[in-house]
Each structure stands twice: as structure tokens, then as C-alpha cells.
Amino acid sequence: MQDEPTPTELIKAVADFLRNEIAPGIKGHNAFKLRVGINALDLVTRQLALAQGSDAAEAARLKQLLGADGPLIELNRALCEKIANGAVDLQTPGLSEHLWQTTMDKLAVDQPNYASYKRELGKK
Amino acid sequence: MIEGQLARCVASWFPGATGITGAARLSGGASQETWTFDVVHPDGNVGAILRRAPPGYGASPGRAAGLDAEATLMQLAHDAGLPSPRVMHVLRPEDGLGRGFIMQRIEGETIARKILRDEEFARARPILARQLGRVIAGVHGLPAAKLPKLREMSATKEIADLEREYRSFNWPRPVFELALRWLRQRDPGPSQEVTLVHGDFRHGNLIIGPDGVRAVLDWELAHFGDPMEDLGWICVNSWRFGEIDKPVGGFGTREELFAGYEEAGRKVDPDRVMFWEVMGTLRWGIMCCGMMQRFRQGPDHSMERAMIGRRSSETEIDLLRLLAPREG
């Protein structure tokens, strides 16, 4: 078992240091790059917090939709094949809801400030 | 260095020029560079831009129209009275600067967030969509006989290209599959009218001033095809920068864009525009995935590239908003 602090705590501490202590003194293109770097650390923190739960829920939905089990990536490959050959489409019960939920869960990690995401959060 | 070569080059075609100053690299990868500089002249300095593939980078990659074609198109647009820089010089081998051209530098803003938020552009924003409709109609109407050789694209070819590229990533994306299927089923077939298509008509490639659009740049992706493609591309949500209720670049409505287009004597097919908006959204998503591939394979191991890979999910939510909208 690895000791504390957790990866999330470490990354947060680094991101906060860069954001609060370093960023105010950096100018020009490096300021832009630093912002991208801090955004990357924040993204990793969100993924560490959220991915386990959303991946499990996604796998459960896929199992239901496909009537099959396997690693998440294989389930996604199987769904892709079925969409490509028309075996499932937006009329298929549960498909639209599955794609929406999966995409919302990705945005929650990737870009929670994206305007389309914020708009859709207000819907069911 | 480049200053010396540029000064010698400029002296050979610019009467009275005594040198150049302030050369600075703006952007671009290894195969294509953009430089800004001033021509020093007794009557006052003249702002100029060099766009070039350095010596050793001859052929234009993949889809690119090529720098010679870009120069021709820019000059044609300028001659037709469209907002476009004047081409001052097309590079010759004896210039020793590689392939490319030198054009007039036009002052203004290309950064979307400033154009959409700064007070300076408050008067421009309400008129831009209509203006851009007229401008892109002018581009589509450029005289066919004078146009350079360019690739010809159709919806069918574009779908196949996108699909091939997406499959090459070997990473399953059910929403992209849904979009590909939607596009294949609604492929409108060959356009009745095939015109010059700019190919990248959006924020970043438009110089905007307080008075409105001043120049259309970057003809790298110009081709022949369905003119509705350009109208769909500028409506893609990725170019709205948060102003999602203003489909045209975050500043205007489709109706304004279409009105400007039709004022210039051309016809809009709104269904085809919507088709190309879906295509464009998918295209940007696949381009984001491509950036991530290049990040992995190197040599550009940059954070920016890596993080753009995480923006492809933005196009997935936008595709779902287009193809499977929810109530509420």
C-alpha cells in the first residue's frame, strides 16, 4: 500500500503553488503555456476523483445495451460496430441516454466550463 | 539570418526601399512559417508579412493548396474588392527564402475572445455576420477561369476522409460513429454548383477591426466543392467561444449570415449548411484527436497538443446537441 499524501493531494498542491505563486510573475507565451499546464493538472485531479464511478456506470449501461460483458474499451468497440452497421440507432431504447450520460461524464473531467456542457447540466 | 535575405529580396522589387526592420516570427510549424516585418522606406515604413515554406520544404502536405495557389487566391480576392491583403511579391528561387510570398500587413484582431468581448469591437459585432455572408459570397463568385489548380472535394469524399482518419486512431468513440452514420445517410450527393471553397473560414483566419472584417487569411485549405461548406464551418460551435446562442462565430445569427450571402446575389440552402455544420463539428473533433496523436508520436511533445486531445469531447456534446437534442 502506498502512503499518504494521495496523488490528488500532491497534484492539487503543485497546481495551487503554480497558480498562486508562479503564474502572477510570468508573462507572454510562457504565461499561456503555464495556464495550459495548470489546466492539465486540474484535469488530472478531476479524472482521479470522477473516472472510477463514471467508468463503472458506463460499463453497466453498455452491458445492458449490448447484452455482453468485457473490458470497457471492448464494450465501446462493440457499441461502435453496432452503430456503424445500423444494428442500434437513436430509436434503440437507452442508446441516446447512454451517449448523453457518457459524454456528460467526459466533459465533467475534460472541460466543465464548456458552455454547451453548462447548458446541458441544467437539463435532466 | 532572415533579415539580410529579406532586405536583399525587398530591394529587388520595392523601389526606394532601403532595408527591413523588426522581423519577428509569428507562428507555424517546421514546414510553414509566418513572419512580420517593416519595409524601411523614405516615405514611411510599410508593414509586411512573409508566409513561406523554408528552403528544403517544397511540396505542400496532404490537403494544402500550396503557397503559390494561396498567393494567387489572395490576390484574386483583393482584385475583386474583397477584404484581402495585397500580395506584394511571390518568392523566386534567387531570393533564397524558400517558397511563399510577401503580402501587405493588415492591422486588426484575430483572437476570438477579444473580438467577442472587448469594447473596441462592440460596434463591429452586430454587423459581422451579414458582412461575412457578403464576403464569402464574393469568394464563391471569384472568376473560375483565373483560379489556380486545387483539389476537388465532395461531401462523400469528405465523409470517407474523416472516417479513414478516425479509424486510424483505433480508439472507439460511439458519438463519432453516430455522426458518421448520420452523415452517410444524409449525404446530399454532388453539389449542383461547384465553386471555390475557402475551407477554413472562421475566427483566427479573419482580421477584424472596430469597423468590421478587414481581411480573410489562410487559404491553405482552399478547394473546389459545395459552397455551403464554408457557411456550415463558420457556424460550428467550436468557433463560438462560449457565445453558444450566436451560431455565427459567437457574434451573429444564421439569418444575418444568409441575408448577407443572398444580398450578394447567391442562394443559400439551409439544409445543406446544417449538414456541413455537423460535418465540420465532427471534423474539428477528429482534428483534436489528430493533435493528440502527433503529441504521442512526437517530435512535438507539447502540453498544448496533449490538452487539445481532451477537447474532442467538446465536439461530442455539440454533435449530440445537433443530432439527439434533449428537452428542457
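Criteria and thresholds
- Per-chain numbering applies: the sequence of each chain, read as written, is numbered from 1 onward.
- Naming scheme: in the order in which they are written, chains are lettered from A and ligands are numbered from 1.
- Only residues with pLDDT of at least 70 get local features here, since the model is predicted, and only at 80 or more are side-chain atom pairs given and counted; chain-wide, interface and lining totals rely on the full set of residues.
- The side-chain numbers reported here are obtained from all heavy atoms of the structure, hydrogens and water having been left aside.
- Disulfides are defined in this document as cysteine sulfur pairs within 2.5 Å.
- Put simply, DSSP H or I for four residues or longer makes a helix, DSSP E for two residues or longer makes a strand, and each gets a number counted from the N terminus.
- For the exposure calls, accessible area comes from a 1.4 Å probe over protein chains only, and a residue counts as buried if that area is under 20% of its type's maximum, exposed if over 50%, partly exposed in between.
- Residues belong to a common nonpolar core when they are buried Ala, Val, Leu, Ile, Met, Phe, Trp, Tyr or Cys residues joined through side-chain atoms within 4.5 Å.
- Residue ranges labeled as domains rest on an automatic or database domain assignment.
- In this analysis, two residues are considered to be in contact whenever any of their non-hydrogen atoms come within 4.5 Å of each other.
- Axis lines are fitted to C-alpha atoms, over the contacting stretch for helices. Their N-to-C directions set the angle, which ranges from 0 to 180 degrees.
- If an angle is under 35 degrees, it is roughly parallel; if it is over 145, roughly antiparallel; if it lies from 65 to 115, roughly perpendicular; otherwise it is oblique.
- Left-handed describes a crossing whose near helix is turned anticlockwise from the far helix through less than a right angle; right-handed describes the clockwise counterpart.
- Expected helix span is computed as 1.5 Å times (number of residues minus one).
- Whether two aromatic rings pair depends on their centres lying within 6.5 Å, for rings of Phe, Tyr and Trp, where Trp uses its six-membered ring; planes under 30 degrees apart make the pair stacked, over 60 edge-to-face, and the rest tilted.
- Put simply, a charge is over a ring when the Lys NZ or the Arg CZ is close to the ring centre, within 6 Å, and near the line of the ring normal, within 35 degrees.
- Two strands pair if DSSP finds at least two bridges between them.
- UniProt positions are given in the numbering used here, feature names are shortened, and annotations may be inferred rather than shown by experiment.

A. Expanded view of the state of the cysteines. Taken as a whole and judged by the stated rule, the model has zero disulfides over all chains. Residue C80 of chain A stays outside any disulfide, its sulfur separated by 12 Å from that of C289 of chain B, the closest cysteine. Here C288 of chain B stays free of any disulfide, with the sulfur of C289 of chain B as its closest cysteine sulfur at 6.9 Å.

B. Broad picture of the environment of Q5 of chain B. Residue and element names in this part refer to chain B. Its place among the elements puts Q5 in helix α1 (residues 2-13). Classification of Q5 by relative accessible area gives partly exposed; the value is 27%. In the structure, Q5 is positioned 90 residues away from D95 in sequence and 7.1 Å away in space, judged by C-alpha atoms.

C. View of the nonpolar core. Residues and elements named next belong to chain B. Formed by 91 residues in total, the largest nonpolar core has its most connected members in L196, W219 and L282. It is helix α9 (residues 270-297) that provides the largest number of residues to this core, a total of eight residues. Counting contributing residues, this core receives three or more from each of domain 1 (16-104) and domain 2 (155-189 + 270-328). The contact partners of W219, leaving out residues within four places of it in the chain, are A65, E70, L73, M74, A77, V139, L196 and H198. In this structure, V10, L91, L97 and I102 belong to the second largest nonpolar core, which totals 17 residues.

D. The packing of helix α1 (residues 7-22) of chain A against helix α2 (residues 29-66) of chain A, seen in detail. Residue and element names in this part refer to chain A. Contact geometry for α1 and α2: axes closest at 9 Å, N-to-C directions at 155°. Looking at the two axes, α1 sits roughly antiparallel to α2. α2 is crossed by α1, and the crossing has left-handed handedness. Across from P7, T8, I11, K12, V14, A15, L18, R19 and I22 in α1, the residues of α2 making contact are L34, I38, L41, D42, V44, T45 and L48.

E. Quick look at the domain arrangement of chain B. When cut into domains, chain B gives domain 1 (16-104) and domain 2 (155-189 + 270-328). Each of domain 1 of chain B and domain 2 of chain B has a C-alpha centre, and the two are 32 Å apart.

F. Summary view of helix α4 (residues 95-110) of chain A. With 16 residues, α4 of chain A should cover 22 Å at 1.5 Å per step; its first-to-last C-alpha distance of 22 Å lies within 8% of that length. Within α4 of chain A, twelve of the 16 residues are buried, which leaves it mostly tucked inside the rest of the structure. Along α4 of chain A, the residues that are buried comprise L95, S96, H98, L99, W100, T102, T103, M104, L107, A108, V109 and D110 of chain A. Tucked inside the fold, the buried residues of α4 of chain A contact α2, α3 (72-84) and α5 (115-121) of chain A together with α6 (174-186) and α11 (312-323) of chain B.

G. Representation of the packing of aromatic side chains within the structure. Residues and elements named next belong to chain B. Evaluated as defined, the whole model comprises six aromatic pairs over all chains. Each ring, one from W182 and one from F275, has its centre 6.3 Å from the other, and the planes form 20°; the classification is stacked. With a gap of 93 residues between them, W182 in helix α6 and F275 in helix α9 connect regions that are remote in the sequence. Its relative accessible area of 18% is what places W182 among the buried residues. The exposure class of F275 is buried, given its relative accessible area of 3%. When the centroid spacing of 5.8 Å and the interplanar angle of 85° are considered together, the rings of F275 and W276 count as edge-to-face. Joined through ring pairs, the aromatic side chains of W182, F275 and W276 make up one cluster. Sitting over the ring of W239, R202 keeps its end group 4.5 Å from the ring centre.

H. Just the environment of R186 of chain B, in detail. Within the element layout of this structure, R186 of chain B appears in helix α6. Of the residues examined, R186 of chain B reaches a relative accessible area of 41% and is grouped as partly exposed.

I. Quick peek at the environment of A40 of chain A. Residues and elements named next belong to chain A. By secondary structure assignment, the location of A40 is in helix α2. Here A40 falls in the partly exposed class, since its relative accessible area comes to 21%. Counting along the chain gives 14 residues from A40 to S54, while the straight-line C-alpha distance between them is 20 Å.

J. Up close: the sheet that holds strand β5 (residues 99-104) of chain B. All names here are of chain B. Taken together, the five strands give an open sheet; going across it, the order is β1-β2-β3-β5-β4, and neighbouring strands pair in antiparallel fashion. Only two strands of the sheet have a single neighbouring strand rather than two, namely β1 (19-27) and β4 (87-90). Ignoring which end each strand starts from, the neighbouring axes of this sheet average 25° apart. In the sheet, strand β2 (residues 33-40) pairs with strand β3 (residues 46-53) via seven bridges, with the strands oriented antiparallel. Paired with E33 across the two strands is R52, which belongs to β3. Against the sheet, α1 makes contact with β1, β2, β3, β4 and β5, and its axis sits at roughly 120° relative to β1, the strand it touches most. Contacting β3, β4 and β5, helix α2 (residues 67-79) crosses the sheet at an angle of about 25° to β5.

K. Representation of the UniProt feature "domain: DUF6285" (unreviewed entry) in chain A within the structure. As recorded in UniProt, the sites labelled "domain: DUF6285" (unreviewed entry) are residues 24-114 of chain A. The annotated region residues 24-114 of chain A carries 74% helix and 0% strand content, and the separation between its end C-alpha atoms amounts to 24 Å.

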